[in-house]
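Architecture and fold: a report
Below, each chain spelled out in residue letters.
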Amino acid sequence: MLSAAKKQNSAYQSSASVVDGKLILSFPNAKTPVVWQLDMAEVKASALEVKGDKDPFVLVLRTTKGEAVDVAPFTTKEEAVEGLVAVTTACKMPTA
């Protein structure tokens, strides 16, 4: 994960939240900046993973049907993992 000092200097940060049963992801620091959503009511099981050994590192959604959907490409693995951690944090938060 990025250090606190580096985070403060970055104008763009990955974020994720759950709103009305939808997972909303924002990756303005991706190679191709993206806002992405997933209806959690329609997903029974899935996995998010970081793929790649060198640039680009891609955050990928894998479904139980074997589909792989590229969510966002990143220049560094640290940025991709930061996005993954943002999703994990959002999914653990209680929804109102």
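This text gives an overview of the structure that appears in the document.

Describing the environment of T89
- One can find T89 in helix α2 (residues 77-92).
- Overall, the relative accessible area of 41% leaves T89 in the partly exposed class.
- Placed 72 residues apart in sequence, T89 and S17 show a C-alpha to C-alpha distance of 8.4 Å.

Quick look at the environment of L61
- Note that L61 resides in strand β5 (residues 57-63).
- Along the primary structure L61 and V71 are separated by 10 residues, whereas in three dimensions their C-alpha atoms are 6.7 Å apart.
- If we skip the residues at most four places from it in the chain, L61 touches W36, L38, S46, A47, L48, E67, A68, V69 and V71.

Criteria and cut-off values
- Residues numbered from 1 in each chain as written.
- Predicted model: local features only at pLDDT ≥ 70, side-chain atom pairs only at ≥ 80, totals over all residues.
- Heavy atoms only, no water.
- Helix = DSSP H or I, 4+ residues; strand = E, 2+ residues; numbered from the N terminus.
- Buried < 20%, exposed > 50% of the residue type's maximum accessible area, 1.4 Å probe, protein only.
- Contact = heavy atoms within 4.5 Å.

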